[in-house]
Amino acid sequence: MNFSPNNVFIKVKDHSVSKESFDLLLDEELQLLKTFPQPSFDKLPSYYESEDYISHTDSKRTLFEKLYHLVKSNALKNKVALITKENAAHGNLLDIGAGTGDFLIQANQSGWNCIGIEPNENAKNIAISKGVNFIDSLEELESYSFDVITMWHVLEHVPDLENQIRILKRLLKPNGTIIIAVPNFKSFDAKHYKSFWAAYDVPRHLWHFSKGSIQKLFNKEGLQLKKVKPMWFDSFYVCLLSEKYKTGKMNFIKGILYGFLSNCSGILKKEFSSHIYVIKND
């Protein structure tokens, strides 16, 4: 990867926790952005210490949070349907960044043998209370032991990106499937909101992907990108939060409008707010 401090794509503020500003550096060949400077491993957890970090809680305090969990319930069913379609024979599933465990519960109920890993202790404890099984480290897992590995909005949080992809390759069975979901910085809503685009989410998001960057990064390890699918509801969630960052208030009308426009643009240009990538170990 080739990132120069002089090749700044955009400067972005951490709107939700620290209020610090970061540069996003562009690797032109990969079409990949890197948050700069990246927090140290010891300091990084402090940027997640917020009651508003919704994926680490089951909180339903506000209308926004209630809508999030309503959409999440439907999305979980769609995610399980996707992995089952890609691997009809139910087998071993690893979810990296399992959060509060709801996806693994849904997958287990559909016949998958599930295990997760989650670095955030609060989210992990909530999941454990629901009966979710965890391992502490990917290093303890045997090679070629999983039919499906999922990372739902997690790859962007990983400090050592290339090593993470090598680990995925090691853990995946021959003909296995990796499902990656990440935001797309080439989407309509990213271009509309610019530095206020909520899916930049610096410095928690250390990397910012395009379709091209996903394909090239995984191809390096002999993994093949087979499908790219839209995450239809992500545009609405991101636009609502972007409106809050931009104007200081949750403007539901504008957020829903620009979420709709982003999806319309995605249909035409094949660049959605977030994509699901189906990657095979052929």
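Sequence order as written defines residue numbering, which begins from 1 separately in each chain. Under the rules for a predicted model, residues below a pLDDT of 70 receive no local features and side-chain atom pairs below 80 are neither given nor counted, while totals for whole chains, interfaces and linings still include all residues. To obtain the side-chain values, all non-hydrogen atoms of the structure were used and water was disregarded.

**Student:** Hey, could you run me through the pairing of strand β7 (residues 172-183) in this one?
**Tutor:** Burial classes follow relative accessibility: with a 1.4 Å probe on protein chains only, a residue under 20% of its type's maximum area counts as buried, one over 50% as exposed, and anything between as partly exposed. We count a stretch as a helix when DSSP gives it H or I for four or more residues in a row; a strand needs E for two or more, and each element gets its number in order from the N terminus. Summarising burial for β7: nine of the twelve residues are buried, a large majority. Here strand β6 (residues 146-152) runs beside β7; their pairing, made up of six bridges, is parallel. Residue pairing for β7: Met 151 is matched across the bridge by Ile 180. With respect to chirality, the unit in which β6 leads through helix α4 (residues 161-171) into the neighbouring parallel β7 is right-handed. Here, strands pair whenever DSSP counts at least two bridges between them. The crossover handedness rule: strands pointing away from the viewer, path from first strand over the helix to second strand clockwise, crossover right-handed.

**Student:** It is not clear to me how the side chain of Ser 273 should be interpreted in this structure. Could you clarify?
**Tutor:** For Ser 273, the position within the fold is in the loop between α8 (252-269) and β10 (274-280). Whenever a nitrogen or oxygen atom comes within 3.5 Å of another N or O atom, the pair is scored as a polar contact, on the condition that within protein one atom can donate a hydrogen and the other can accept it, and that pairs from neighbouring residues in sequence are kept only if both atoms are in side chains. A polar contact is formed between the side chain of Ser 273 and the side chain of Asp 189, at a distance of 2.8 Å. Contact partners of Ser 273, with chain neighbours within four places excluded, come to Pro 183, Asn 184, Ser 187, Asp 189, Trp 197, Asp 234, Ser 235, Val 238 and Ser 262. We call two residues contacting when some pair of their heavy atoms lies within 4.5 Å.

**Student:** Can you help me understand α8 in this one?
**Tutor:** Along an α-helix, residues three or four apart share an orientation, since each turn contains 3.6 residues. Every helix has an expected span of 1.5 Å times one less than the residues it contains. The end-to-end C-alpha distance of α8, which contains 18 residues, comes to 25 Å, matching closely the 26 Å that a straight helix rising 1.5 Å per residue would cover. Within α8, burial applies to Gly 255, Gly 259, Ser 262, Asn 263, Ser 265 and Gly 266. On an axial view of α8, the arc spanned by its buried residues comes to 160 degrees, and they lie on one face. Relative to its buried face, α8 has exposed residues pointing more than 90 degrees away, namely Ile 253 and Leu 268. Tucked inside the fold, the buried residues of α8 contact α5 (188-193) and α7 (234-247). The residue sitting at the N-terminus of α8 and contributing the capping side-chain oxygen is Asn 251; that oxygen lies 3.3 Å from the backbone nitrogen of Ile 253. Two residues or fewer after α8 comes Lys 270, characterised by a positive phi angle close to 60 degrees. Note that the arc is defined by the directions from the helix axis to the C-beta atoms.

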